[in-house]
Every structure is written in structure tokens, then in C-alpha cells.
Amino acid sequence: MSRWTVPLAALLAVGGAIAVAGDTDKVKISIQTIPAMTPPAKAEVRMGKKTLGLILGPRKPFILERPRDSGPLDLVIRAEGFLPLHTRAYTFSDSKLTVKLTRIADKPTLFGYRQAGPPDAGTTSSAHPDAGAVDPLIPR
Amino acid sequence: MAPAPSIPDDRRVLVIEGGTAEHWIDVATAEAEGYTVVDFTDDWTPFIFAEQHTPAGELLPNRYRRVLMGLANDRLDEDGAPLPAGQKNYLELYGIFPSLSVLRARFVEDGARTCHDVAGAAVIAAAETISYVSPAGMRADDARIARLRRELEDARHHAHAKTLAEFVERDPRWAPKLKLVEKRAAEKVAMTEVERRLGCEGFLHAPGRGRAKTEAVHQTGVYDDPMRLAVRQFQQKHMIYESNYLRRGTMTALGRPLLANDHASFLRALRERVVSAADIVEDGSAGGNIKNLADEYTTLAAEQLGLATVEGTVAFFHRHPATDFAHLRVAVKLPPRPSYHSAQMDLSIVIDRGDVWYDLPFDDTGAPRPQPRKKYPQLSLYMRDGHGQQIPLCRWRTTVGGWRADQAPDGYEYYRYKGSDVGPRVIRQVVAGPVWVAPESTPLRTLVKTKQVGTHPERVVNYDELGPGFMSAYGLIAGYFVTPGVNGRPDFDNGIRAHGSSEYLSMYSANGFSHGCHRLPNHLAIRLYSFILRHRQMRVVGDQATDIARQFLRDDDVFEIRIPSRGYAYVMDPPLPVNVLEGEIEGVAKEPILGYVPKPGVHYPGPPPPLEDSPEVRAGGVPGAKTEPEERP
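Bear in mind that the values here come from a model prediction, so they are computed numbers and not experimental data.

Participant: Help me out: how do you make sense of the overall build of chain B in this one?
Facilitator: Across its full length, chain B carries 15 helices and 21 strands. Within chain B, buried positions represent 57% of all 633 residues. Pairs at least 24 residues apart make up 70% of the contacts formed inside chain B by residues separated by at least 6 positions. Total accessible area on chain B is roughly 26,500 Å²; 54% of this is exposed by carbon and sulfur atoms.

This is the structure in C-alpha cells:
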């Protein structure tokens, strides 16, 4: 399996189904870590500067309640000895957000890790930026 | 005007006679009498985002529809979260037109403003454009112009001419220098007027007024970042296809009265609703005998409704408060649709790639090698008539692939030629609000952005690029090109799509290339697929729920992409034929170069890794260069 792909079997109900008439106005999002991944004792769930709550252990998820269809939530999950994880929860319906945290020592196992190379390697932009029309035709 | 009490809101439509005399009729009566009903409600969306049902009548909800309506109504941001107070969405260039309530508010607000005056407009018109001089280069440029002026004055003095004009008439060799000096003088005055106008309209804040603490302060007379952002916002409000400089289209709009600009916005919004109501795609772009129905019908509708003038539109909005746009539909008499229109049309798409270069875009020293094109790629929608003749209904500029930055498995970026396939294909699936699942080859720097989360700037996954949304790499709608499978085998998907795009200048740029896909401005892609789907046998599949989750490392943080849906699918049966013409191959190389090519000047730890192969890796739409235009005007 590619390092890019998280073990999907463990990641339940990313966004859930879409709400239909008759559903309640609020959704519950259960946020937990994957037990098989030697989870930390506790993990903090933050949104921006605000701490929303704590995941206290494998079977002690943090439950977040939000108005239905109120837009996605950009969350950061932090735990001591692990790399911070930036993830997203959706508010379409009740859902479970199960995340895999990575120990700092396991950083090389992640997609995007690269051995230090010579300075400025691979950081230049594309040969052909897509912009700057000199004399655009105006479409209608 | 009081509504007719006998007709419920959802059944009545407004007829306007003589431009002002309004009365309500039942929608069924209107249709029976040959009226076309144009939806003026705030929850209008184009067909592809309209509420669809199964044959049994069950609703097939579209999760992006709510966001789209929120964006058009200045209620939500691109994520579907509430828009901060006072903020506006100017998204016409991205294919989302303001609702009638939003337009009404603009008319009311701008009608009370005094930002336009004839003298200021004359100053702007006299300059025509304002040359870009970078903030760092201003002093040197001023010195150069002053030097030129002194040279001119000295030469005039020696020639015993009374004025510079007289001197240049005698000695035309000096004309270019005088022209430059005069142009810059006119530009200085015009710049002051542009600053005043942008400030008055609320795009450019005076120091300490109405701006966030973190916002940079504009320096008077300097084309700095605050100025560039103000110009960009103005262009986006008025759907001006120019890079963020003071070019002709932008200057013309800056010289126009505010309500005239608002009326132009209103007519553009009206056009989309009329095109949708009349179910047409013909916009004059195909030439030949195919008429510009989009303009013709919009003009007719505006005239019948008394909305062809600023005054008429102001009066209309005076008669109709914002609450009316919860239910308002209007009826207009339009000419019969062309005889070739039917529920089942023999439609097809042809893409001509134009001039194509396969050579490397740089020479042995790493210097850029020009690859000029005389003929640019075009996408045409054809209709076969009863005599078997192929007739183009519309023809628009599009993009083809070229050399792009690609992230290799070794973590480094290389160049890779991402071409556009040639030959017959079909579109079986059209997806509204498509989601682009970024392949591993996507440069990771493009997958992270900084976003304000609460009051805190936070690095997040760049979902703008993934979608669904107007900024998505696939735009607001995409048709998926496939080679039909034979003998029971599945279709072959080489990752090429014809899709809407937020990179609205790339279709019209000499240097605009995609990653293999064929881009269209979002509003044209919406018109195209709305028309095709309504004139072909198709099935609404609906939301394509998925549970994709991917992690990647950026610096010392892990980012997780979570995708709950691939978009909202429509399937055509039979599929729509597509043919991609090879075009004219320029240069030495007659075949695309495969594999990773090291970037000049970059040091790599070893040879490039072999190329991986999957539809997603091949798929176009990688947003490698979504940067502000850097080209000097």
C-alpha cells in the first residue's frame, strides 16, 4: 500500500450521507484515534486557537456537536510524542472521524518525507504559469 | 405591487407590459400562451445544480447546491461557512453570478454613492491604461522620465521651438520620447483618480480606515499589494478578464458610473437565467448561420421587462423589495427555439489542439525556449442535422496539456509533459461539483494553504483545489473522457476531462496550458453540459459518496485529505461522442517526451525515478501554477 493512503478500513464514515428532510438540526461527530496505532494516552482536538476537547483513550472519543450543514471544520489533533495532524470533519450528518496519529520517530514512513537533498532542490514553479492573457476574448 | 391573492406563490409568474405595467398570471397559463418563464428567485441555480429526483420522485440531494446558493447570495464562503459580515463574493469570473437580491442591494448602495464624476472619468479615459511600475522601481522610473523631459526641453530650446508639440512636429524622431513623457504624466493624474474611485467604492482603504490590523497600508501613487488586491476585487466584481493591472477593460469600467457597471452585472446575471430558461447554448461563437441566441434572447427579455436601461432596472428594484426574490419568476415572449432543437439531438464535441510543441521548453543552458503558437486550442459543440451535416453550435477557446511541474516518488519536483490525448473518445459521465482526487504526483506545496480558522491563521489542506467548488481543479462541472470498453471490458480512463476552471485567464493566454484537460470558463462549461444533458438521454445518478482519506507530511505537520464525495453524477446513454484533433505539431520532437525531466538549476540526489501509471497520475487539472499573474503589462 502506498504511504499516501491511510488504512481505509479504519477510517469510518468520512463525511456521511447527505441530510434529508426530517433529520435533526444538529449533527454529532465522534472523533477518535485508531487503537491499532498505539495511540497516545490523550489527544487534544483544536480548531484555530480554541481547544474543543480531548480524546482520552482508544474507546473514549471526543464528541463534537454542530449545526447540521454548517460547513466543514478544520481541526488539528495534537498529542505528546506525535506529529500534529490537520484534518477535516464534515457536518452533513452524524459521523465518526477516526484518525491515525504518527509518532515523531516514524516521520520517514509518511508520504512527502524526503531525505535532505542539496539546497533549493525542487522548489521552483512551473514552466508555464496559467495566466496573464494579453488580449482576452470576452466569452459570454 | 400587491400579488394576486388567488394565485399561490409557487404558481404565479410576473408579466410586465410596456416595461412597467405588472400583472400576475398562473405559470401553466404562461406556458400555454408561449411565454418562457425566467426564474428570478434567490435559490435559482443552473440546471446541473437544480434539485433532481429519481423516476419514482425521490429527491437526489446535491451537497454543493446549498453552498452555491449561499455564494450567489453573499451568505456563505467557499467552504459553506457563514460569510463574515460585510464581506462580498465576487465570483462571476468563477461561474457564479450574484442573486437578484444581491444585485438589488448593489443598486441601492451604489445609487447613494458619489464615487463617479465626469471630470474624473475624463482623466481615466485620457490615460487609457496605467503602466505597471513596481514599488521598488518607482524612483528609478521617475528619474528616467524626468531625464527624458529635460532632454526634450533642451532639444526644444536649441531648436528655438515654442512648444514641445511644435518641436516634435519639426523633428519627429523625438515623438516617441514625448509620447512616453506625456503618457506617464497622464497616468500620474489618472492613478490619483483610480485611487479615489477604488477608495470610494470600498476596495482600497485609506490608512487606518476600515481595514484589518494585518492589512498592508497602501502608499499613495504606488502600485503596491493593497492596490493590486483592490484592482483584482474590482475586476472580479465586474467580470473583467484581465490580469491584476490597470489595463483597458479595467480602466474603462473605472471610468463608468457605478450604476452602469451594476447594470452590466445585472444583464450578465439575466443572461445566465435566460439561457437556462430558454435551454440554449448558441452564443454567436460558432459563426456561420448559427445566431447569437444568448444575446438576442437576453436583450428581448430585458426590453420586455423594462430592464434594458439603468433607470428601468432601478425602478424595477424600487417596486420589488428583496423579499420578492424568494418567489419571483417572470414571463417573457421569446422567438420559437431553432427547428433543430429537440429532446434527443445528435450532438458531439470536437477539440482542435491547435499548434502543439513537444520540445523541451528550455535549451541546454536551462534558458527558456520560446514555443509560440499561432493557432490556439478550441472546443466546439456540433449538432448533426437531418441531412447528416455537422453544424457547430458554439466554439470556445480551451486548453491542452504541456510541460508541468510534477512531484516524483523521490519527493522532488521534475518537469513532465502532460499532453492531451488525440482521437475518438466519449463522455459517458458528467459530474457537477466534481472533486479532483489529487494523485501522488501533485506537488505537495500546492496541497496546503493558510486559512483563517476563527481568528487564527492555520495551515490546512487546500480543499479549494480538490473541490467541490468553483476553485476546484475540475471547476464547477466536468465531463470525463473515456475510450469505450469493448467485449465486456470496462471503459479506459486516461484522466482527460473537459471541465470548468477557476484559472480564468489560462484559456486566453498565449502561455496557458493545462495538465492534459480541456478547460473552459466555469459559466461556459455549465452552459455546455446543461444543454447537452437536457438534449440527450441521461440518468441522474446523484451524489457519489466516498470515504477517501490520505495523509502527507509537510514540514513537521501531517495533513489529512478527507473526501466525502466525488461529486454529483449524470450518466449519458448513449454517451456523447468526442473527437480530439491532433493539431499542428511544431518544433523538432514529433512525439511527446515521456518520463520525468530534471528542472534546470535544481540538484537532485540521483536519476529521476520511473514514471508511475494510473488514471489519477495521468489526470489533468494538477494545480501546479495557481499563482497570481507575474507577467508585466
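Participant: Even after reading the chapter, I still don't get the side chain of Ser 514 of chain B, so can you show me in this structure?
Facilitator: Residues and elements named next belong to chain B. Inspection of the secondary structure assignment puts Ser 514 in the loop between β17 (497–501) and β18 (518–521). A polar atom in the side chain of Ser 514 sits 3.0 Å from the backbone nitrogen of Gly 516. When sequence neighbours within four positions are dropped, the list of residues in contact with Ser 514 reads Thr 399, Val 400, Gly 401, Gly 402, Arg 404, Lys 418 and Arg 519.

Participant: Teacher, can you tell me more about the sheet that holds strand β7 (residues 95–99) of chain A here?
Facilitator: The strands making up a sheet associate through backbone hydrogen bonding, with each pair oriented either parallel or antiparallel. Residues and elements named next belong to chain A. Taken together, the three strands give an open sheet; going across it, the order is β4-β1-β7, and neighbouring strands pair in mixed fashion. Whereas interior strands pair on both sides, the edge strands pair on one side only; in this sheet they are β4 (62–67) and β7. The sheet shows a mean angle of 25 degrees between the axes of neighbouring strands, taken without regard to direction. Direction of pairing for strand β1 (residues 26–33) relative to β4: antiparallel, over a ladder of six bridges. Following the sheet pairing, Lys 28 is matched in β4 by Glu 65.

Participant: Could you clarify how one ought to interpret the environment of Val 168 of chain B in this entry?
Facilitator: Residue and element names in this part refer to chain B. Topologically, Val 168 is positioned in helix α6 (residues 164–170). Sequence separation between Val 168 and Leu 152 is 16 residues; the distance between their C-alpha atoms is 9.2 Å. In this structure Val 168 touches Trp 174, Ala 175 and Leu 178, once residues within four positions along its chain are discounted.

Participant: Looking at this structure, how should I read the state of the cysteines?
Facilitator: Note: disulfide means a covalent bond formed between the sulfur atoms of two cysteine side chains. Residues and elements named next belong to chain B. What the rule picks out here adds up to one disulfide over all chains. Cys 115 shares a disulfide with Cys 200; S-S distance 1.9 Å. Since a negative S-S torsion denotes a left-handed disulfide, the Cys 115-Cys 200 link at about -80 degrees is left-handed. Of this pair, Cys 115 sits in the loop between α3 (100–111) and α4 (118–127) while Cys 200 sits in helix α7 (residues 175–200), placing them 85 residues apart in sequence.

Participant: Explanation requested: the nonpolar core in the structure shown.
Facilitator: Note that soluble globular proteins tend to have their nonpolar side chains buried in a common cluster. Residue and element names in this part refer to chain B. One finds Phe 40, Ile 349 and Leu 381 to be the most contacted residues of the largest nonpolar core, which totals 88 residues. Looking at which domains feed residues into this core, each of domain 1 (9–112 + 258–333) and domain 3 (347–618) gives three or more. Sequence-distant contacts of Phe 40, that is, excluding residues within four places in its chain, are made with Leu 100, Leu 270, Arg 273, Leu 305, Leu 307, Phe 316, Phe 325, Leu 328, Arg 329 and Val 330. Counting 25 residues, the second-largest nonpolar core is a separate cluster that includes Ala 438, Ile 548, Phe 552 and Ala 569.

Participant: Please clarify how empty space enclosed by the protein should be interpreted in this entry.
Facilitator: One water molecule sets the probe size; rolling that probe over the atoms shows where empty space is left. The final tally for this structure, using the stated rule, is 11 cavities of 30 Å³ or more. Considered as a void within the structure, the largest cavity measures approximately 350 Å³ in volume. Lining the largest cavity are 26 residues, and of these Arg 88 and Tyr 90 of chain A together with Glu 78, Asp 79 and Pro 468 of chain B sit closest to its centre. For the lining of the largest cavity, the secondary structure elements donating two or more residues are α2 (65–72), α13 (463–466) and β20 (557–581) of chain B. It is β20 of chain B that provides the largest number of residues to the lining of the largest cavity, a total of four residues. Of the residues contributing to the lining of the largest cavity, the split by class is 13 nonpolar, five polar and eight charged. Within this model, the second largest cavity holds a volume of roughly 270 Å³. Forming the walls of the second largest cavity are 26 residues, and the residues nearest its centre are Trp 44, Thr 45, Pro 46, Glu 272 and Ile 526 of chain B. Elements that contribute at least two residues to the lining of the second largest cavity include exactly α2, α10 (258–278) and α14 (522–534) of chain B. Here the lining of the second largest cavity takes six residues from α14 of chain B, the largest share from any one element. Grouping the constituent residues of the lining of the second largest cavity by class yields 13 nonpolar, seven polar and six charged.

Rules used throughout
- Residues numbered from 1 in each chain as written.
- Chains lettered and ligands numbered in written order.
- Predicted model: local features only at pLDDT ≥ 70, side-chain atom pairs only at ≥ 80, totals over all residues.
- Heavy atoms only, no water.
- Helix = DSSP H or I, 4+ residues; strand = E, 2+ residues; numbered from the N terminus.
- Buried < 20%, exposed > 50% of the residue type's maximum accessible area, 1.4 Å probe, protein only.
- Contact = heavy atoms within 4.5 Å.
- Areas by Shrake-Rupley, 256 points an atom, 1.4 Å probe, with all protein chains shown as cover.
- Polar contact = N/O pair within 3.5 Å; in protein donor to acceptor, adjacent residues only side chain to side chain.
- Pairing = 2+ DSSP bridges.
- Axes fitted to C-alpha atoms, helices over the stretch in contact; angles between N-to-C directions.
- Disulfide = S-S within 2.5 Å.
- Core = buried A, V, L, I, M, F, W, Y, C linked by side-chain atoms within 4.5 Å.
- Domains from an automatic or database assignment.
- 1 Å grid on protein atoms, 1.4 Å probe; cavity = no way out; pocket = protein on both sides within 12 Å on 5 of 7 lines; lining within 4 Å.
- Points joined across faces, edges and corners; volume = space filled by probe spheres on them.
- Nonpolar A, V, L, I, M, F, W, Y, C, P; charged D, E, K, R; others polar.

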